[in-house]
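Structural description and commentary
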Amino acid sequence: PAGSGAGGEFNTSVTYSVAAFLIVQSDYSYYAVSSVQPSCEGLARQWSDCGYLWHDEYDVKYGKPLGAAKQISKGVWTREFQNAIVMVDEVRSTANITVLNPPRQFLHGL
C-alpha cells in the first residue's frame, strides 16, 4: 500500500488527522476529509474530494475506546482502544497509531 514501510510501518499525511479525531471521538462522531488540490477549481478547491485518495488508516478496526483520552504531558495525549493505542503531540505536530492486531504502526512526523 502507499506509504508502507519496513516492519508494517506507515507514514502518511492523514495519520495526524485520524489520530486527533480518535483522541476526541465519542458516540455518533464521524470522520470526514476533503482534499485541496491546485488542479481543482472554484469551491471544489476548498471543500471537495478532488484528488481524494483512500488511506490505510480508514480500514483499521480500532474497536471501542477503553476510556477517555489522557494528557501525559503538555500537549501530548494518548488513548487506548480495543485494538489500538493512539498518541498525538499537538506541540510537535506528531502522531502515532499503534494497531495491535495485525501489528502495524501509522506515524506522522516521527
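As the structure is a computational prediction, the values presented were derived from the model and not from experiment.

Concerning the overall build of the protein
Per the secondary structure count, the protein includes two helices and six strands. Ordered by position in the sequence, the α and β elements of the protein form the string β-α-α-β-β-β-β-β. Put simply, the protein has 110 residues, and 33% of those count as buried. Carbon and sulfur atoms form 55% of the exposed surface of the protein, whose accessible area is close to 7,100 Å².

Considering the packing of aromatic side chains
Inspection of the entire model under this criterion finds two aromatic pairs. Ring plane angle 50° and centroid distance 6.1 Å describe the contact between Tyr-31 and Tyr-58, whose orientation is recorded as tilted. Within this pair, whereas Tyr-31 is found in the loop between α1 (15–24) and α2 (44–47), its partner Tyr-58 is found in the loop between α2 and β2 (70–73), the two being separated by 27 residues in sequence. With relative accessibility at 19%, the residue Tyr-58 sits in the buried group. Members of the aromatic cluster, joined through ring pairs, are Phe-21, Tyr-31 and Tyr-58.

With respect to unusual backbone geometry
In this model, Asn-101 is joined to Pro-102 through a cis peptide bond whose omega is -5°. Summarising the element assignment, Pro-102 is placed in the loop between β5 (94–99) and β6 (104–108). Of note, Tyr-28 is a non-glycine position whose phi angle comes to about 65°, a positive value. Its location among the elements puts Tyr-28 in the loop between α1 and α2. Residue Tyr-28 is classed as exposed on the basis of its relative accessible area of 74%. Here Ser-93, not a glycine, exhibits a phi torsion of approximately 55°, which is positive.

What about the layout of surface pockets?
In this structure, the largest pocket spans a volume of roughly 260 Å³. In this structure, the largest pocket is lined by 13 residues; those nearest its centre are Phe-21, Leu-22, Gln-25, Tyr-31 and Tyr-62. Counting residues per element, the lining of the largest pocket draws most heavily on α1, which supplies three residues. Here the residues of the lining of the largest pocket are counted per class, giving nine nonpolar, three polar and one charged.

Details of the pairing of β2
Bridging between β2 and strand β3 (residues 76–81) involves three bridges; their strand directions are antiparallel. Note on β3: the bridge partner recorded for Gln-71 is Trp-77. Hairpin connection, β2 to β3: the antiparallel pair is bridged by two residues, and Gly-75 has positive phi, about 80°.

Quick notes on α1
Every α-helical turn comprises 3.6 residues, leaving residues that sit three or four positions apart pointing alike. If you check which residues of α1 are buried, you get Thr-15, Val-18, Ala-19, Phe-21, Leu-22 and Ile-23. Contact partners of the buried residues in α1: β3, β4 (84–89), β5 and β6.

Cut-offs and rules
- One numbering rule holds for all chains: residues counted from 1, following each sequence as written.
- Local features are withheld for residues below a pLDDT of 70 in this predicted model, meaning they are given only at 70 or higher, and side-chain atom pairs are given and counted only at 80 or more; totals for whole chains, interfaces and linings count all residues.
- Excluded from the side-chain calculation are hydrogens and water; included are all heavy atoms of the structure.
- Numbering of helices and strands runs from the N terminus, with a helix taken as a DSSP run of H or I at least four residues long and a strand as a DSSP run of E at least two residues long.
- For the exposure calls, accessible area comes from a 1.4 Å probe over protein chains only, and a residue counts as buried if that area is under 20% of its type's maximum, exposed if over 50%, partly exposed in between.
- Each accessible area is a Shrake-Rupley estimate made with a 1.4 Å probe; only the visible protein chains count as cover when residues are assessed.
- Any Phe, Tyr or Trp ring, taking Trp's six-membered ring, that has another such ring centre within 6.5 Å forms a pair; planes under 30 degrees apart are called stacked, those over 60 apart edge-to-face, and the others tilted.
- The pocket and cavity definitions rest on a 1 Å grid over protein atoms only: a 1.4 Å probe that fits but cannot leave marks a cavity, an open set with protein on both sides within 12 Å along at least five of seven lines marks a pocket, and residues lining either have an atom within 4 Å of a point.
- Grid points are joined across faces, edges and corners, and a volume is the space filled by probe spheres set on the points.
- The residue classification treats Ala, Val, Leu, Ile, Met, Phe, Trp, Tyr, Cys and Pro as nonpolar and Asp, Glu, Lys and Arg as charged. All others, Gly included, are polar.
- Only when DSSP finds a minimum of two bridges between them are two strands counted as paired.
- In what follows, a contact means two residues having at least one pair of non-hydrogen atoms within 4.5 Å.

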